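Results of the structural survey
The chain contents come next:
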Amino acid sequence: MRSLPLTFCAALVAGTIALPASAALAESKADDPRDEKRSGTVSVSPSRVSPGGEVELRVDVCGKGKSARGNSEAFASEARFEPADGRDLVAEARIRSDAAPDDYEVWVTCKDGHGKATGTVTVVHHGRPSPVAPVRAGGGGTAALAEGAADEGPGTRHAVIGLGLGAVAAVAVAFRSTRRRRSAQH
């Protein structure tokens with residue numbers, strides 16, 4: 001009769017001893033960065049770029065001294081990341097010259113396969129190059145007026161003025177030629 005309580009106590013003591021050990025093992029596995037899939041974001045600079053332009057990619061999910069590879073439908077080729085300052089990995093990528101204007105996903109995979117990151121790059125088309133921060137210097141603010149005139153180009157008014165000036169020049173040449181002939185005859 002005494003064997004049942006003794007067995008119960010022995011099982012309770014064995015469970016109490018085994019529980020912290022198994023919990024510690026589970027916790028140490030969770031802390032192991034190699035067993036965990038890390039995720040993060042890709043920093044893209046500049047985030048808006050024209051076709052044929054270059055962007056800088058930066059990730060910190062892979063850890064110090066590692067390497068990674070990145071790709072996007074907008075890139076001309078695969079981006080290879082190298083260690084930079086601190087924990088970051090850096091790469092440069094060229095945008096395809098035939099990339100259509102759109103938002104493109106960028107994905108990066110760490111070399112060890114345990115980290116992934118995603119980001120976005122926006123491809124835009126510019127009709128003509130424009131400065132990031134134009135300086136309105138000189139001309140007293142006529143740069144804004146000239147900007148609209150540059151798009152118009154010569155029109156009917158300019159053609160009529162040109163024809164009128166040409167006619168005046170032709171009459172002046174004819175008048176001067178006639179006057180010289182008269183002077184030469186007398």
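This is a predicted model, so every value here is computed, not measured.

What counts and what doesn't
- Starting afresh in each chain, residues are numbered from 1 along the sequence in its written order.
- Totals for whole chains, interfaces and linings use all residues, but because this is a predicted model, local features are given only for residues with pLDDT of at least 70 and pairs of side-chain atoms are given and counted only at 80 or more.
- The basis for the side-chain values is all heavy atoms of the structure; hydrogens and waters are excluded.
- Two strands make a pair as long as DSSP finds a minimum of two bridges between them.
- Secondary structure counts use DSSP, requiring at least four H or I residues in a row for a helix and at least two E residues in a row for a strand, with both numbered from the N terminus.
- Each residue is assigned to one of three classes by its accessible area relative to the maximum for its type, calculated with a 1.4 Å probe on protein chains only: buried under 20%, partly exposed between the two thresholds, exposed over 50%.
- Throughout this description, a polar contact denotes any pair of N or O atoms lying within 3.5 Å of each other; where both atoms belong to protein, one of them has to be capable of donating a hydrogen while the other can accept it, and for residues adjacent in sequence the pair is counted only when both atoms sit in side chains.
- Residues are treated as being in contact if the distance between any of their heavy atoms lies within 4.5 Å.
- Per-residue confidence from the prediction method is given by pLDDT, with values spanning 0 to 100.
- Residues enter a nonpolar core if they are buried and are Ala, Val, Leu, Ile, Met, Phe, Trp, Tyr or Cys, with the set joined through side-chain atoms within 4.5 Å.
- Salt bridge, as used here: a side-chain nitrogen of Lys or Arg that lies within 4 Å of a carboxyl oxygen of Asp or Glu.

**Things to note about the pairing of strand β8 (residues 102–110)**
Both strand β5 (residues 68–72) and β8 contribute to a ladder of five bridges, which runs antiparallel. Paired with Arg69 across the strands is Thr109, a residue of β8. The pairing of β8 with strand β9 (residues 115–123) spans eight bridges and is antiparallel. Its bridge partner lying in β9, Tyr104 is registered against Val121.

**Overview of the side chain of Ser72**
The topology assignment puts Ser72 in strand β5. The exposure class of Ser72 is buried, given its relative accessible area of 5%. A polar side-chain atom of Ser72 sits 2.9 Å from the main-chain carbonyl oxygen of Glu105. Not counting residues within four places of it along the chain, the set of residues in contact with Ser72 comprises Tyr104, Glu105, Val106 and Trp107.

**Section: the confidence of the model for the protein chain**
In the predicted model, the protein chain carries a mean pLDDT of 76, and the fraction of residues at 70 or more is 63%. Within the model, the stretch residues 21–26 combines pLDDT values under 50 with zero contacts to residues more than four positions away or in other chains. Note on residues 28–35: pLDDT is under 50 here. Beyond four places in sequence and across chains, it has five contacts.

**Description of the nonpolar core**
Core analysis: the biggest nonpolar cluster contains 25 residues, and Val42, Val55, Leu57, Phe81, Ile95 and Val121 have the highest contact counts within it. Elements that contribute at least two residues to this core include exactly β4 (54–59), β6 (79–83), β7 (89–94), β8 and β9. When residues in this core are grouped by element, the largest group, four residues, is from β8.

**Thoughts on unusual backbone geometry**
Each neighbour pair has its own omega, and for Ser45 with Pro46 the value is -5°, a cis peptide bond. Structurally, Pro46 can be placed in the loop between β2 (43–45) and β3 (48–49).

**Observations concerning the pattern of salt bridges**
Counted by the stated rule, this structure contains six salt bridges. In this structure, Glu78 engages Arg69 in a salt bridge whose closest nitrogen and oxygen atoms are separated by 3.4 Å. Here Asp98 ties to Arg96 by a salt bridge, and the two come within 2.9 Å at their closest N and O atoms. Where salt bridges share partners, they join Glu56, Arg58 and Asp88 into one cluster.

**What to know about the pairing of β7**
Of the strand pairs in this sheet, β4 and β7 are connected by six bridges, and their pairing is antiparallel. Looking at β7, one finds that Leu57 is bridged to Ala91. Sheet topology note: the β6/β7 ladder contains two bridges and is antiparallel. The residue bridging Glu82 from the neighbouring strand is Val90, located in β7. Where β6 hands over to β7, the hairpin turn is made up of five residues, of which Gly86 adopts a positive phi near 70°.

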